[in-house]
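This is what each chain is made of:
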Amino acid sequence: MKKAIYILLLLLFPTLLVAQIDIKKPKLSFTGDFRFRVEQDWNSRKSDGTYRDDRTRLRYRARFGVSYDYKDWISFGMRLRTGDPKKQQDPQLTLGDGFKEFSALPIAFEKVYANFNYNWLSGWIGKNTFPFEKQNELFWSDNVFPEGVSLRGKFTFKKKNLQSLQINIGHFILASNGTSFDSDAYFQGVQVVSTHFGDRLKFFPTFYYFNKIPNIPDGNETFSINYAIVHIGTSIELVKKSNLVAEFDYYQNITDYSKNDSISQNFRNQKRGFVSSVSLGKLKKKGDWQFRLTHSYLERFSAVDFLAQNDWARWDYSNQGSPDGRLTNYKGIEIMAGYALDKKMNFKIRFFNVNQIKPFGVTKETGDRVRLDFNIAF
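Cut-offs used in this document
- Residue positions are given per chain, counted from 1 along the sequence in the order it is written.
- Owing to the predicted nature of the model, reporting of local features is limited to residues with pLDDT of at least 70; listing and counting of side-chain atom pairs is limited to 80 or more, with chain, interface and lining totals taken over all residues.
- Calculation of side-chain values draws on the structure's entire complement of heavy atoms; hydrogens and water are dropped beforehand.
- Where helices and strands are cited, they refer to DSSP runs of H or I of at least four residues and of E of at least two residues respectively, numbered from the N terminus.
- Just to be clear, the radius of gyration here is over C-alpha atoms, and the globule rule we use is 2.2 Å times residues to the power 0.38.
- For every residue, the accessible area (1.4 Å probe, protein chains only) is compared with the maximum for its type, and the residue is labelled buried under 20%, exposed over 50%, or partly exposed between those bounds.
- The contact criterion used is simple: two residues touch if any of their non-hydrogen atoms lie within 4.5 Å.
- Accessible areas in this description were obtained via Shrake-Rupley with a 1.4 Å probe; residue shielding takes into account the shown protein chains only.
- In this tally Asp and Glu are treated as negative and Lys and Arg as positive; neither His nor the chain ends contributes.
- One atom stands in for each charge, and that atom is NZ of Lys, CZ of Arg, CG of Asp or CD of Glu.
- Ring pairs shown here join Phe, Tyr and Trp side chains whose ring centres sit within 6.5 Å, with only the six-membered ring taken for Trp; geometry is labelled stacked below 30 degrees between planes, edge-to-face above 60, and tilted in between.
- The rule for a salt bridge is simple: a side-chain nitrogen of Lys or Arg has to be within 4 Å of a carboxyl oxygen of Asp or Glu.

1. Observations concerning the overall build of the protein
So, step 1. When you go through the protein residue by residue, the secondary structure sums to one helix and 17 strands.
So, step 2. In terms of overall dimensions, the protein is globule-like: its C-alpha atoms have a radius of gyration of 21 Å, near the 21 Å expected for 378 residues.
So, step 3. Structurally, the protein occupies a C-alpha span of about 65 × 55 × 50 Å along its principal axes.
So, step 4. For the protein, the proportion of its 378 residues judged to be buried stands at 46%.
So, step 5. When contacts within the protein are restricted to residue pairs at least 6 apart in sequence, those whose partners lie at least 24 apart make up 60%.
So, step 6. Summing over all exposed atoms, the protein offers an accessible surface of approximately 19200 Å²; the carbon and sulfur share of this is 58%.
So, step 7. Considering the protein, the positive charge centre built from 55 side chains and the negative charge centre built from 39 side chains are found 6 Å apart.

Right, dumping it as structure tokens:
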């Protein structure tokens, strides 16, 4: 599988570079957004049975991006964001936290890429948005931007039961050791996305391979492991007029850890995940409402925990030298309600209730959290 992806990338990528397309005038465009958040945490139990202090925070995030369309078939872009560069999952800053006496704020590049597009084939190189179809952040955070090469082929049809078929592939490097590709910490993905029945049904089976991933991020690992994850995702629009949509994701890590002495016996078979949600409405124009209920059950090795979201609970690797979150090995719910003040301005309130599946210590960890977000973009 790995060699096949390498060969496919090498064969397809030159097509983008030599494409002959009509030249258009260069175009420069800008984007940006700002978020202000009020957050309350309680009932956050640690693995030793004690409780974290209840916590109230005021937080914010700012991002600014620019893109340059050089020709019809090539563009370049980058985006800056606030946030600790060591915390890829979390671009938010807390008012008064760590930046004493009104000192300067940390700013980092979130995206830097070159994008190519020719007929049915497109792709990018650099650091950019996660290129595979996903419905939430529970497997991969929206704030984590992989570095590597991505290719996409999309075909449209005029059939009643099939509107489009899309193939996504990519190779992304987490940490390079300066030798061959096989010795890097990396992940690869192959995905097929199909839409059916007037785009009301979407189906996207995916295979992800993660190579030599550290058990603890930021250079504090004690061992590394591989993941081979099969993902089956689907969404269906139940009622078109009211935007009533049901979504489901299933994850299965098919790697055999039964003889891996670095992994505790209790966790060697913790490799499955289920996520289901139902939503009503969309925040597209002024006065719109949206409601969503999500249930998640993700076992320890159903995803790479420090690449997934860190929204649902206060669990992290801070006692092991890393600020990153560790949001697998949990089950819980999220309830969200949103209201659009304008086309690109809204409020969202989210409630989370989380319980650990298997304890790392003497007891299972827990957590409750509520967030109120004000979002504005241009």
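2. Some details on unusual backbone geometry
For residues that are not glycine, phi is negative in most cases, and the peptide bond is trans in most cases.
So, step 1. Despite not being glycine, asparagine 119 shows a phi value in the positive range, around 50°.
So, step 2. Looking at the secondary structure, you find asparagine 119 in the loop between β5 (107-118) and β6 (121-127).
So, step 3. Unlike most non-glycine residues, asparagine 329 shows phi in positive territory, near 60°.
So, step 4. In this fold, asparagine 329 is placed in the loop between β14 (289-298) and β15 (330-342).
So, step 5. Owing to a relative accessible area of 0%, asparagine 329 belongs among the buried residues under this scheme.

3. Observations regarding the packing of aromatic side chains
So, step 1. By the definition in use, this model includes 33 aromatic pairs.
So, step 2. Residues tyrosine 208 and phenylalanine 210 carry aromatic rings whose centres are separated by 6.4 Å and whose planes lie at 45° to one another, so their mutual orientation is tilted. The two residues tyrosine 208 and phenylalanine 210 agree in class, both being buried.

4. Digging into the pattern of salt bridges
So, step 1. Scanning all chains against the criterion turns up 27 salt bridges.
So, step 2. Across the pair aspartate 33 and arginine 63 runs a salt bridge, and its minimum N-O distance is 3.0 Å. Of this pair, aspartate 33 sits in strand β1 (residues 27-42) while arginine 63 sits in strand β2 (residues 55-71); the two residues are 30 residues apart in sequence, bridging distant segments of the chain. For the residue pair aspartate 33 and arginine 63, the accessibility class agrees, reading buried in each case.
So, step 3. A salt bridge links glutamate 237 to arginine 200; its shortest N-O distance comes to 3.9 Å. Placement of the pair is glutamate 237 in strand β11 (residues 224-239) and arginine 200 in the loop between β9 (185-196) and β10 (201-214), with a sequence separation of 37 residues.
So, step 4. It is possible to trace a salt-bridge network through shared partners that takes in Glu39, Asp41, Arg55, Arg57, Asp311, Glu334, Arg350, Arg369 and Arg371.

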